[in-house]
Amino acid sequence: MPELPEYLQDLNPEQLAAVRHEGGNLLILAGAGSGKTRVITTKIAWLVRERGVAPESVLAVTFTNKAAREMRDRASAIDPECARAYLRTFHSFGAWFLRRNAAAAGLDPNFTIYDDDDSTTLLHGTAPDLTRAECGRLASRIARAKDYGLAPDAPDLEARFPDRNFRRLYAGYEKRLRETGNVDFGDLILLPARVLRDDEAIRNRFHQRFRVILVDEYQDSNVAQFELLKVLAGGGAYVCVVGDDDQSIYRFRGAEVRNILEFPEVFPGTEIVRLERNYRSFQSILDVAGAVVARNEGRLGKTLKAVKAGGPKAKLALLADQDEEAAYASRVAEARASRTGRWSDTAVLYRTNAQSLAFEHLFNKRGIPYRIVGSVRFYEREEVKDALAYLAVLSNPRDEVNFRRVVNKPSRGVGDTSVQAILEAAYASDGDLLSASRGAGPLLKTAKSRSGLSAFVSLVDGLRGLLDAPGEGRPLSGLVERTVKDSGLAEYHRDQDEIAGTQRAANLDELVNAAADFELSPAGLAEFLETIELDRRLSDQEESLEAVTLITMHNTKGLEFPVVVVTGLEQGLFPRDDDEGEDLEEQRRLFYVAATRAKEELHLCSCRSRLLRGRRADFLPSRFIHEIPPGLYETLGGRLPAPAPEGPWKPGLPVYHDDHGSGYVIQVKAGPPDSGPLVFVKFETGRVLQFFPKFTRKLEALK
DNA sequence: GTCGCTTCCTTTTTT
DNA sequence: AGGAAGCGAC
């Protein structure tokens, strides 16, 4: 038997089989920490080196930019040729496709990408009688519809979105969005799939271009992405997907585990390889994670076995409130850092971004360096979005959302009435808001609005001139700087900073710096805006920072840390009280993901009370804690309170309340002494209220 | 049209 | 707690 090339020698038999598989299609079921990234990157290298596959014909799709970068780095470390393979997120692949085929998709080639907030604004423009909050909820349902591949004219739209008006509002939004020439996130998947289906020439070109398609984190792909994959692979490409049904945590965003289950049917000749050896965690950690996820009914089921047997038991810390929780986390991080000298060994995980606050406060106080992943993003700050909005209008003058945002910011006396008149004029012609603004003088009622608008027009024209001036190799930062200055944003925020003690002007400077790597040209500008929209990190340095990581559980996908502190394990927070069925199972998977990030130490924290939206609320430990066999962890800080007290009041019990109507009990807690149990009821109205049955006659148990 | 005050309502989770 | 909508005064 010939000796294996060096880069294949350390693979276990299953990994090797996955790497060397060819012919039909391949589904890799890869448990947490089983080396799936290694398998994918090695497979790319193997195809290029051993099978003569051109790297350009390999497309590898991931879900996050971080994962895409890591994959590129690791593949090119094996073979530099691999750097020419096409590694991207689904969304950036879609954007790349649409820039090159803008006309076929009915878009402006310099389109910008609307985020959720922009979509809400656009929708608000088409449905002014709804509140902004309602538009926000509606916008997220439209986004969901797109995740499912449902256009406004889809026959089965009502099946999933029964709301009477939904189709009409969705159609109105879509029409307006097409008029702007821009796209939202969902379009980055939907439109490429549509173009490929409808245009034979483009389809053939892409079928010839990509002969191998790899998809990472396949369990979190949605229906639209599955459709895109199918049409991309339709020319006989080799398809290999990697996923873990136990780590599917984006169902709320339209992810479909069925994509895994049905893969072998849709892609005939599929072989399945299972990777069940875990190289990351001690067995003691896998036992805890596995105990919770094992309660789920809808799973393929697999047994993950740790290469590192044994290991210290997980610690369960029962704490008074979020301040004690932060103190506990800081002790864990300090103990670790004093042993290894590395703050970066420790990560603190939480369910919602708002929970980071207590940790930030205390870490600041104790001088513990930390970095927050996600949360309040730089590019979502108001001043930064304003500056970007000017640039977006330069890039695409039909961009209604960003035009609205900046035409009167800082205020120039151009109010709602004037904006409405300009929009109507624009939509009556070609939709170009800048040319509509130039001719809008007679439409405006006051002298102030006329002079304000003309100031805006000459501002934008000046910037446009800079953008269109010929000249190679100048950096885009010059344009961004001029934009920030000439618009008056810089001055406005400098003044505000003095009053409020903020540092918004500095953020604007930062934005100017970020543009230094891009070229001053319309294409360079579009690229800059796209990079920001799809990859919202400020810089690379934050990843290598020597600091404790504060991060949501969702954001930890694909990461690992020697020490992991999972916080907020309280019933009502994680899982939420209204989680049941599939929602509850998704939360168990989220717990599984969180716990399996830990290599050496796993800490679980549960607070008895916590500040929530400005109010103090009492909690019992999460049901997930009760789902772990007590022998698998060590309890610190007191006794585990018993689960909800027994009695006539039990979760699930139907009830009737004189004032609130019918509902059912979702939770029962021990109340203060002599007050009897505290009962949480969810009513048909959707409200959740709590009662002491001992003190009220209005609440009645049915049946 | 703008500014500032009051009230109400909220949020999981993210490309 | 903090932000957004709604309202009244300039």
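Check the entry above for the structure.
Below: a short report on this structure. (Residues numbered from 1 in each chain as written. Chains lettered and ligands numbered in written order. Predicted model: local features only at pLDDT ≥ 70, side-chain atom pairs only at ≥ 80, totals over all residues. Heavy atoms only, no water.)

1. Describing the sheet that holds strand 1 (residues 26-30)
Item 1. Read from one edge to the other, the open sheet built from 6 strands follows the order 3-2-6-7-1-8, with strand pairing classed as parallel. One side of each edge strand has no neighbouring strand; the edge strands of this open sheet are strand 3 (86-89) and strand 8 (271-275). When the angles between neighbouring strand axes are averaged without regard to direction, this sheet yields 15°.
Item 2. Inspection of the sheet shows strand 6 (residues 212-215) paired to strand 7 (residues 238-243) by 4 bridges, in the parallel sense. (Pairing = 2+ DSSP bridges. Helix = DSSP H or I, 4+ residues; strand = E, 2+ residues; numbered from the N terminus. Axes fitted to C-alpha atoms, helices over the stretch in contact; angles between N-to-C directions.)

2. Considering the packing of helix 4 (residues 90-100) against helix 26 (residues 522-534)
Item 1. Two numbers describe how helix 4 lies on helix 26: the axes approach to 11 Å, and their chain directions differ by 160°. One way to sum up the angle between helix 4 and helix 26 is to call them roughly antiparallel. The crossing of helix 4 and helix 26 is right-handed. From helix 4, His91, Ser92, Ala95, Trp96 and Arg99 reach across to helix 26, where they touch Ala526, Glu530 and Leu534.
Item 2. By residue class, the composition of the contact of helix 4 with helix 26 is 4 nonpolar, 2 polar and 2 charged. (Parallel < 35°, antiparallel > 145°, perpendicular 65-115°, else oblique. Left-handed = near helix turned anticlockwise from the far one by under 90°. Contact = heavy atoms within 4.5 Å. Nonpolar A, V, L, I, M, F, W, Y, C, P; charged D, E, K, R; others polar.)

3. Overview of the sheet that holds strand 16 (residues 598-607)
Within a sheet, adjacent strands bond to each other through the backbone by hydrogen bonds, running parallel or antiparallel.
Item 1. Reading across from one edge, 13-14-12-15-16-11-19 is the order of the 7 strands in this open sheet, with parallel pairing throughout. Where the open sheet ends on each side, the last strands, each with one partner, are strand 13 (370-372) and strand 19 (633-636). Averaged over all neighbouring strand pairs, the angle between strand axes comes to 20°, with direction disregarded.
Item 2. Of the strand pairs in this sheet, strand 11 (residues 314-319) and strand 16 are connected by 5 bridges, and their pairing is parallel. Of the residues in strand 16, the one forming a bridge with Ala317 is Cys605.
Item 3. Most of the contacts of helix 28 (residues 582-595) go to strand 16, to which it runs at about 130°, and overall it touches strand 12 (346-350), strand 15 (561-566) and strand 16.

4. Some details on unusual backbone geometry
Item 1. Note that the residue after Phe574, namely Pro575, is joined by a cis bond; omega there is 5°.
Item 2. Along the chain, Pro575 turns up in the loop between strand 15 and helix 28.
Item 3. Despite not being glycine, Glu217 has its phi angle at roughly 50°, a positive value.
Item 4. As for its position among the elements, Glu217 is in the loop between strand 6 and helix 12 (223-233).

5. What about the packing of aromatic side chains?
How two aromatic rings sit relative to each other is set out by the distance from centre to centre and by the angle between their planes.
Item 1. Per the stated rule, a full pass over the model turns up 25 aromatic pairs.
Item 2. Between Arg253 and the ring centre of Tyr250, over which it is positioned, the NZ or CZ distance is 4.6 Å. (Phe/Tyr/Trp six-rings, centres within 6.5 Å; stacked < 30°, edge-to-face > 60°. Lys NZ or Arg CZ within 6 Å of the ring centre and 35° of its normal.)

6. A short note on the protein's contact with DNA strand B
Item 1. Taken together, 22 residues lie around DNA strand B, and His91, Arg253, Arg351, Asn353 and Thr552 are the ones closest in.
Item 2. Between DNA strand B and Asn353 there is a distance of 2.8 Å, counted from a phosphate oxygen to a backbone nitrogen or oxygen.
Item 3. Contact between DNA strand B and Asn555: a phosphate oxygen at 3.0 Å from a side-chain N or O atom of the residue.
Item 4. A breakdown of the residues in the surface near DNA strand B according to their chemical character gives 3 nonpolar, 12 polar and 7 charged. (Near = heavy atom within 4 Å. Polar contact = N/O pair within 3.5 Å; in protein donor to acceptor, adjacent residues only side chain to side chain.)

7. Thoughts on the environment of Leu107
Item 1. Relative to the helices and strands, Leu107 is located in the loop between helix 5 (102-105) and strand 4 (113-114).
Item 2. Note on Leu107: relative accessible area 7%, which makes it buried.
Item 3. Here the alpha-carbon distance between Leu107 and Asn182, two residues 75 residues apart in the chain, equals 6.5 Å.
Item 4. Discounting residues that sit within four places of it in the chain, Leu107 has contacts with Leu98, Ala102, Arg178, Gly181, Asn182, Val183 and Leu191. (Buried < 20%, exposed > 50% of the residue type's maximum accessible area, 1.4 Å probe, protein only.)

8. Digging into the pattern of salt bridges
Item 1. Summed over the entire model, instances satisfying the criterion amount to 48 salt bridges.
Item 2. Here Glu262 ties to Arg258 by a salt bridge, and the two come within 3.6 Å at their closest N and O atoms.
Item 3. A residue is classified by how much of its surface remains accessible, and Arg258, at 44% relative accessible area, is partly exposed.
Item 4. With its nearest N and O atoms 2.9 Å apart, the salt bridge here joins Glu560 to Arg280. Of this pair, Glu560 sits in the loop between strand 14 (548-552) and strand 15 while Arg280 sits in strand 9 (residues 277-282), and the two are 280 residues apart along the sequence. (Salt bridge = Lys/Arg side-chain N within 4 Å of Asp/Glu carboxyl O.)

9. Quick look at the side chain of Glu217
Item 1. Accessibility expressed as a relative area gives 8% for Glu217, which makes it buried.
Item 2. Engagement of the side chain of Glu217 in a polar contact is seen with the side chain of Lys36, the distance being 3.4 Å.
Item 3. Within the local environment of Glu217, its side chain forms a polar contact with the side chain of Gln219, the two groups lying 2.8 Å apart.
Item 4. With sequence-adjacent residues up to four places away left out, Glu217 is seen in contact with Lys36, Phe63, Val242, Lys557 and Gly558.

10. Concerning the pairing of strand 16
Item 1. Burial runs high along strand 16: 8 of the 10 residues are buried.
Item 2. One ladder, built from 5 bridges, connects strand 15 with strand 16; its direction is parallel. Within strand 16, the residue paired with Val563 across the bridge is Glu601.
Item 3. Traced from strand 15 through helix 28 to strand 16, the parallel crossover comes out right-handed. (Right-handed = clockwise from strand over helix to strand, strands pointing away.)

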